[in-house]
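Chain by chain, the residues run as shown.
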Amino acid sequence: MLLWLLGCAHAPETPVPTEPARPTARYTVTIFDNFGGAKVRVCLEGATVRELVPIGDNAGRELRGAWIDGDMLDTSRGRIRLRQPSRVSCVDYETRFSSPMFRASDSDAVVVTQAQWLWRPDPFPPDLDASIRFVIPAGGHASLPWPRSDGVYFPEQSAFFTSAFGVFGEFDRQAFSVAGAHVDITRLGPKPPDDDVRRWIGRAMQATASVGDRFPRDQVHFLIVPVRSQGRQVFFGMVRRGGGSSVLLVPSPDASVEQLEADWIAVHELSHLWLPPLRSKDRWLSEGIATYLQEVLRARCGLQSSERAWTRLEEGFARGRRSGGGRSLASESRNMNRTRAYHRVYWAGTAFALEVDVRLRKDSNGEMTLLRAISDAQPAWETEVRPVPASVVLRALQDASGAKFIEDLGEKYAKRSDFPDVAYVDSPEYREVRAQITSRADRACGISDESSR
Ligand SMILES: [Zn+2]
């Protein structure tokens, strides 16, 4: 007691200097109306904010209204305008999930992107300390690719600018580490069972990591949404990067684990994580490399035979030749979602990846490969979550490989309106290089005697 009094008596008169407070945004998101929308309260402190704005141009359509203390705010064009620039206030707003990505019929859950409920302060304080707490109807939870502690999410800046997948409702969750990365899997519905999901995703992660000596991300969030579809084992996949890597996969609930493993979609989506997102006219490059890797990595890691990989590449090139409307590859890429010339864009890009890989291997007697160049170049774009130009990737690949031809070759591919020559896929001259490309690499794929199936 005496010591305490003495300590108190000798306390300095001036207050201890404290860190300057960071601006904060505390969100409370209540999912309501049978997972049909969100009521959001955001309390802002320490930054001057004029508006709250949505991610992307279309998201504003989901906004139903916004209020401060019950007084309605101007929400034209999907932006919430504060009456006067404010440093401290709580704003309420409400959104509807008018087009959820998925709504599970046999479980109470909805898959939406945060663009459908997260409005960010504008101007955006770069050092914003943001937290999000969810209130979900009874028995439900949230699953998002963001850091979380005690049920509160702490999204980093990119979560406010780039979309990611999230689930609200009832679902199963599993987590494990593979290829040096932490995997967090959310699955809607009971199938495929946990063990099958773990083996399917684990081997796809290891195959993808075999491009280098590591997986390109520390954490990956998976959303598995089983949907019955005719004849396809995995119906659909997509990757998003807002605030963390998130991969949506839509398998058939009836697929066996062998069928899931043999499918290309998981390896394709994960391969995208070696690259940055690219601008729409440059998507031939990211889709081409991911498509090339999906075939080559599965052969290297024993998920398909080498013969099947080369047959699939040949068939893909044939489909690519038949697709497209005589535009340059850059223009086909930009217009792909409208013209649906996907085969042209994906497979012309794959032809580029094959040509680069073959030439790198030939010129270096097998020392340099496209895989190694990607792995070595990846730190140059690792932190990019918003689309970059192809030149960033081409230059980094060129620098990493020491080859002089990659940038020029990329520009040539982007300009050409006919399908590229694909002699590399079947000419006898390249037989040996082809065998190298798809030769088994069990150790790189994390397959040892103990762990093999
Ligand atoms: Zn893709």
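What you are looking at is a predicted structure, and each value in this text was computed from that prediction instead of being measured. (Residues numbered from 1 in each chain as written. Predicted model: local features only at pLDDT ≥ 70, side-chain atom pairs only at ≥ 80, totals over all residues. Heavy atoms only, no water.)

## Quick look at the domain arrangement of the protein
- Once the domains are mapped, the protein shows domain 1 (24–164), domain 2 (172–272) and domain 3 (280–437).
- Computed over C-alpha atoms, the centres of domain 1 and domain 3 are 39 Å apart. (Domains from an automatic or database assignment.)

## With respect to the sheet that holds strand β10 (residues 141–143)
- Across the sheet, which stays open at both edges, the four strands sit in the order β6-β7-β13-β10 with antiparallel pairing between neighbours. In the strand order of this sheet, the two ends are held by β6 (102–103) and β10, each with one partner. (Pairing = 2+ DSSP bridges. Helix = DSSP H or I, 4+ residues; strand = E, 2+ residues; numbered from the N terminus.)

## Regarding the side chain of S252
- The topology assignment puts S252 in the loop between β18 (246–251) and α3 (257–262).
- According to the relative accessible area criterion, S252 is buried, its value standing at 6%.
- With residues near it in sequence (within four places) discarded, S252 still touches P192, V227, R232 and Q233. (Buried < 20%, exposed > 50% of the residue type's maximum accessible area, 1.4 Å probe, protein only. Contact = heavy atoms within 4.5 Å.)

## Regarding the packing of helix α10 (residues 370–377) against helix α11 (residues 390–401)
- Running from N to C, α10 and α11 cross one another at 110°; their axes reach a closest spacing of 8 Å. Classified by the interaxial angle, the pair formed by α10 and α11 is roughly perpendicular. Each of L370, A373, I374, D376 and A377 in α10 lies in contact with α11, whose residues at this interface are A396, L397, A400 and S401.
- Across the contact of α10 with α11, the residue classes break down as seven nonpolar, one polar and one charged. (Axes fitted to C-alpha atoms, helices over the stretch in contact; angles between N-to-C directions. Parallel < 35°, antiparallel > 145°, perpendicular 65-115°, else oblique. Nonpolar A, V, L, I, M, F, W, Y, C, P; charged D, E, K, R; others polar.)

## Some points on the sheet that holds strand β16 (residues 219–224)
- Pairing within the open sheet is mixed, and its five strands lie in the order β14-β15-β16-β18-β17. Of all strands in the sheet, those with a lone pairing partner are β14 (172–178) and β17 (234–240), marking the two edges. Strand-to-strand twist of the sheet, defined as the mean angle between neighbouring strand axes without regard to direction, takes the value 20°.
- As paired strands, β16 and β18 are joined by four bridges and run parallel to one another. Bridged to F222 within β18 is V247.
- Lying on the sheet, helix α2 (residues 194–209) is in contact with β14, β15 (181–187), β16, β17 and β18; it crosses β14 at an angle near 35°.

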